[in-house]
Amino acid sequence: MKFAVFDHMDRGTVSLAQQYEDRLALVQAYDRAGFHAYHVAEHHSTPLGISPSPGVYLSAVAQRTRRLRFGPLVYTLGMHHPLRVLEEICMLDQMSGGRLEVGFGRGISPYELGYYGVDPAQAQDIYHESYQIIMQGLTGSVVDFQGKHFDLRKVPVELQCVQRPTPPIWYGAGTPASTQWTAAQRINIVCNGLAAQVRAITDQYRRHWAELGHDASAIPFMGMSRHVVVADTEAEARDAARRAYRRWHGHLMHLWVKHGTRPQTLAFPDEFDDAQRAGLGIAGTPDQVRDWIADQSAQAGINYFVCRLTFGDLSRDESLHSTRLFAEQVMPALETAAAPA
């Protein structure tokens, strides 16, 4: 089992400059603690994400850390020119000495896409074309692509990554339907659903992996993301989680509420207690968190657990303390656990 951190970077209660500085201090703590990777979201025009240019932020992460791997989860390809994303990937991988992890997606919010003048109905096609262009550029010296949205003729590629042929690629998997393609491409996946839903995806991924004749011991990461707050007492952890989750959930729903709708694919309860009962988060002592993660991971069949360790209005000190307790008393007992069959 490997452990990582996912960060929406939603708007806190301090100034923007202070929040960026506080987050970089937390990322340094993740580096010291031995987390495998740090994944950051990309969102626009919403308090759910104040890192709308992940490359700018992650260039600072590259300079503040030494071992921690990091990357966007995901680049919203519907909102960027693929050549610019290609060049940014190469720069970040070089600047970090080959520690970049790259997630790609089309963009989940139709409102964010719309603000950029992108038709949400076209986002999936743009994503597929952009992905092909970026992979062509990462593995060759010329991009030559003709499609519905992009017409690129013999574009020279001057930058390369340290990691060859490409940095590890990530995809947000919501249903088992995506596993055939991700297994064939050896792509890592992360899921947000309930444990039983995640298990359907990981079981299907393993089946496709075996059908392709790949080595079972070399299977990519199959991860699950959960809110996690660790404190000295259960009461302290629950109080902090309830308060911070309420603010985070408001940010999650901000654009949907603004437009008078509800998302069909974001099944997060309004309150943290309901989220914990559903298995979507945990707040407690190190022993409680350790046992809960062991049980949830076994149910979901994952080999990669992604913590949302800071969200909403959790303070820098609260998050640092939670991180320290997690690293010292939760991770060591679970990192060596056998992967689910």
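All figures in this text were calculated on a predicted structure; none of them were measured in a lab.

*Asks:* I keep staring at the overall build of the chain and nothing clicks. Help me out?
*Replies:* The helix and strand inventory of the chain stands at twelve helices and twelve strands. Its C-alpha atoms give the chain a radius of gyration of 19 Å, near enough to 20 Å, the size a compact globule of 341 residues would have. Taken along its principal axes, the extent of the C-alpha atoms in the chain is 60 × 45 × 40 Å. Expressed as a percentage of the 341 residues in the chain, the buried residues total 55%.

*Asks:* Just to check I follow, could you spell out the packing of helix α1 (residues 16-33) against helix α2 (residues 54-64) for this structure?
*Replies:* The packing of two helices is summarised by the inter-axis angle and the distance between the axes. Relative to each other, α1 and α2 sit at 45 degrees, their axes nearing to 10 Å. As far as their axial angle goes, α2 and α1 are oblique. Crossing geometry of α1 relative to α2 is assigned as right-handed. Contacts between α1 and α2 involve Glu21, Arg23, Leu24, Val27 and Gln28 from the former and Tyr57, Ala60, Val61 and Arg64 from the latter. Looking at the contact of α1 with α2 residue by residue, the class counts come to five nonpolar, one polar and three charged.

*Asks:* I'm lost on the nonpolar core in this one. Help?
*Replies:* Here is a general trend for soluble globular proteins: nonpolar side chains tend to be buried in one another's company. The biggest cluster of nonpolar side chains holds 77 residues, and the ones touching the most others in it are Phe35, Tyr38, Ile89, Phe104 and Phe326. Ranked by residue count, the leading element in this core is helix α5 (residues 123-139), at eight residues. Beyond its immediate chain neighbours, meaning those up to four positions away, Phe104 contacts Val74, Tyr75, Leu77, Val85, Ile89, Tyr127, Tyr131, Ile134, Ile169, Trp170 and Tyr171. Counting residues in hydrophobic clusters, the runner-up holds 22 residues, among them Tyr111, Ala241, Tyr245 and Met253.

*Asks:* Is there a simple way to think about unusual backbone geometry in this case?
*Replies:* For residues besides glycine, phi is generally negative; the peptide bonds are generally trans as well. Val74 follows Leu73 through a cis peptide bond whose omega is 15 degrees. Along the chain, Arg164 connects to Pro165 via a cis peptide bond; the corresponding omega equals 5 degrees. Inspection of the secondary structure assignment puts Pro165 in the loop between β7 (151-156) and β8 (169-172). Located in the positive-phi region is Lys154, a residue other than glycine, with phi close to 50 degrees. In this fold, Lys154 is placed in strand β7. Using a relative accessible area of 63% as the deciding quantity, one classes Lys154 as exposed. Of note, the phi angle at Arg186 is positive, near 60 degrees, even though the residue is not glycine. Relative to the assigned elements, Arg186 resides in the loop between α6 (179-184) and β9 (188-191).

*Asks:* Would you take a moment to explain the packing of aromatic side chains for this structure?
*Replies:* Two numbers describe a pair of aromatic rings. These are the distance of the centres and the angle of the planes. Evaluation of the coordinates by the stated rule reveals 19 aromatic pairs. With a centroid separation of 5.6 Å and an interplanar angle of 75 degrees, the aromatic rings of Phe3 and Phe326 are classed as edge-to-face. In this pair, Phe3 sits in strand β1 (residues 2-7) while Phe326 sits in helix α11 (residues 316-329), placing the two residues 323 residues apart along the sequence. For Phe3, a relative accessible area of 1% translates into the label buried. Between Tyr75 and Phe104 the ring centres are 6.5 Å apart and the planes differ by 25 degrees, which places this aromatic pair in the stacked class.

*Asks:* Quick question: what am I supposed to make of the pairing of strand β2 (residues 37-40) here?
*Replies:* Regular strands place side chains that alternate from one sheet face to the opposite one. Neither face of β2 is left uncovered, since the one carrying Ala37 and His39 and the one carrying Tyr38 and Val40 both have all their residues buried. Pairing geometry for β2 and strand β3 (residues 69-72), over four bridges, is parallel. Bridging from a neighbouring strand, Ala37 pairs with Arg69 of β3. Traced from β2 through α2 to β3, the parallel crossover comes out right-handed.

*Asks:* I keep staring at the side chain of Thr202 and nothing clicks. Help me out?
*Replies:* Inspection of the secondary structure assignment puts Thr202 in helix α7 (residues 195-211). Among the polar contacts made by the side chain of Thr202, one reaches the main-chain carbonyl oxygen of Ala300 at a distance of 2.8 Å. For Thr202, the contacting residues outside a window of four places in its chain are Met222, Ala300, Gly301 and Ile302.

*Asks:* How should the packing of α7 against helix α10 (residues 286-300) be read in this particular structure?
*Replies:* Relative to each other, α7 and α10 sit at 45 degrees, their axes nearing to 7 Å. In terms of axis orientation, α7 runs oblique to α10. Contacts between α7 and α10 involve Ala195, Val198, Arg199 and Thr202 on the former and, on the latter, Gln296, Ala298, Gln299 and Ala300. When its residues are assigned to classes, the contact of α7 with α10 shows four nonpolar, three polar and one charged.

Calculation criteria
- Residues numbered from 1 in each chain as written.
- Predicted model: local features only at pLDDT ≥ 70, side-chain atom pairs only at ≥ 80, totals over all residues.
- Heavy atoms only, no water.
- Helix = DSSP H or I, 4+ residues; strand = E, 2+ residues; numbered from the N terminus.
- Rg over C-alpha atoms; globule rule 2.2 N^0.38 Å.
- Buried < 20%, exposed > 50% of the residue type's maximum accessible area, 1.4 Å probe, protein only.
- Axes fitted to C-alpha atoms, helices over the stretch in contact; angles between N-to-C directions.
- Parallel < 35°, antiparallel > 145°, perpendicular 65-115°, else oblique.
- Left-handed = near helix turned anticlockwise from the far one by under 90°.
- Contact = heavy atoms within 4.5 Å.
- Nonpolar A, V, L, I, M, F, W, Y, C, P; charged D, E, K, R; others polar.
- Core = buried A, V, L, I, M, F, W, Y, C linked by side-chain atoms within 4.5 Å.
- Phe/Tyr/Trp six-rings, centres within 6.5 Å; stacked < 30°, edge-to-face > 60°.
- Pairing = 2+ DSSP bridges.
- Right-handed = clockwise from strand over helix to strand, strands pointing away.
- Polar contact = N/O pair within 3.5 Å; in protein donor to acceptor, adjacent residues only side chain to side chain.

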